[in-house]
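Chains, contacts and geometry: an overview
One-letter residues, chain by chain:
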Amino acid sequence: MSDETPICSAKGCRADAVWVLAWNNPKLHTPERRKTWLACEEHREHLSQFLDMRGFLKDVVTLPEWESSAADR
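Here goes a summary of the coordinates provided. (Residues numbered from 1 in each chain as written. Predicted model: local features only at pLDDT ≥ 70, side-chain atom pairs only at ≥ 80, totals over all residues. Heavy atoms only, no water.)

1. Looking at the overall build of the protein chain
Stated formally: Runs of H or I in DSSP of at least four residues are treated as helices and runs of E of at least two as strands, each being numbered from the N terminus. Radius of gyration here is computed from C-alpha atoms only, and the compact-globule reference equals 2.2 Å multiplied by the residue count raised to the power 0.38. The buried label goes to any residue with under 20% of its type's maximum accessible area, the exposed label to any with over 50%, and the partly exposed label to all in between, with areas taken from a 1.4 Å probe on protein chains only. Should any heavy atoms of two residues lie within 4.5 Å, those residues are counted as being in contact. For every accessible area listed, the method is Shrake-Rupley and the probe measures 1.4 Å; residues are considered covered only by the protein chains on display.
For the protein chain, the helix and strand inventory stands at two helices and three strands. Order of helices (α) and strands (β) in the protein chain, N terminus to C terminus: β-β-α-β-α. What you see for the protein chain is a C-alpha radius of gyration of 12 Å, in line with the 11 Å of a compact globule of 73 residues. With the C-alpha coordinates aligned to their principal axes, the bounding extent of the protein chain is approximately 35 × 30 × 15 Å. Considering the protein chain as a whole, with its 73 residues, one finds that 29% of them fall into the buried category. Taking as baseline every contact in the protein chain between residues at least 6 positions apart, the subset at least 24 positions apart corresponds to 50%. Summing over all exposed atoms, the protein chain offers an accessible surface of approximately 5300 Å²; the carbon and sulfur share of this is 51%.

Right, here's the structure in full:
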């Protein structure tokens, strides 16, 4: 596991990620598949809207919540 702090997925942003945006493209992925984008506070709303407009957004949770749920799997 890397010791690097995850960074925001917004183009050009180098801020620490604090949110996980779980999504999938139903034309490409099975319903249970989740892809993720990471977001800082500043870009969470913009990235969420981008995915939601396309019907891709499935969930938005804090990074610690996502990491905790991943450990439970």
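2. Let's talk about the packing of aromatic side chains
Our working definition: Planes of paired rings set the category: under 30 degrees apart is stacked, over 60 is edge-to-face and the rest tilted, where pairs are Phe, Tyr or Trp rings (Trp by its six-membered ring) whose centres lie within 6.5 Å. The rule is short: NZ of Lys or CZ of Arg within 6 Å of the ring centre and within 35 degrees of the ring normal puts a charge over the ring.
In the structure shown here, the tally under the stated rule is three aromatic pairs. Relative to F56, the ring of W23 lies with its centre 6.0 Å away and its plane at 20°, an arrangement referred to as stacked. With W23 in strand 1 (residues 19-23) and F56 in the loop between helix 1 (44-53) and strand 3 (57-62), this pair connects stretches of sequence that are 33 residues apart. Of the residues examined, W23 reaches a relative accessible area of 12% and is grouped as buried. Cluster of aromatic residues (ring-pair linked, three or more members): W23, W37, F50 and F56. Its end group placed over the ring of W19, R44 keeps NZ or CZ at 4.8 Å from the ring centre. Over the face of the ring belonging to F50 we find R54, whose NZ or CZ atom lies 3.6 Å from the ring centre.

3. Notes on the nonpolar core
Formally: Nonpolar cores were defined as sets of buried Ala, Val, Leu, Ile, Met, Phe, Trp, Tyr and Cys residues, with membership established by side-chain atoms within 4.5 Å.
Counting residues in each nonpolar core, the largest one holds 11 residues, listed as C8, A10, C13, W19, L21, W23, A39, C40, L47, L51 and F56. Of all the elements, strand 1 adds the most residues to this core, at three residues. Excluding residues within four positions of it along the chain, L51 makes contact with L21, W23, W37, F56 and L57.

4. Quick look at the environment of P26
Residue position: P26 is located in the loop between strand 1 and strand 2 (35-39). A sequence separation of 11 residues divides P26 from W37, and the C-alpha atoms of the two residues are 16 Å apart.

5. Things to note about the side chain of N24
Heads up, the rule is: Here a polar contact means two N or O atoms within 3.5 Å. Within protein one must be a hydrogen donor candidate and the other an acceptor candidate, and residues neighboring in sequence count only if both atoms are side-chain atoms.
Locating N24 in the fold gives a position in the loop between strand 1 and strand 2. A relative accessible area of 3% means that N24 is categorised as buried. There is a polar contact of 3.2 Å between the side chain of N24 and the backbone oxygen of R33. Those residues in contact with N24 that sit more than four places away from it in its chain are H29, T30, P31, R33, R34, F56 and K58.

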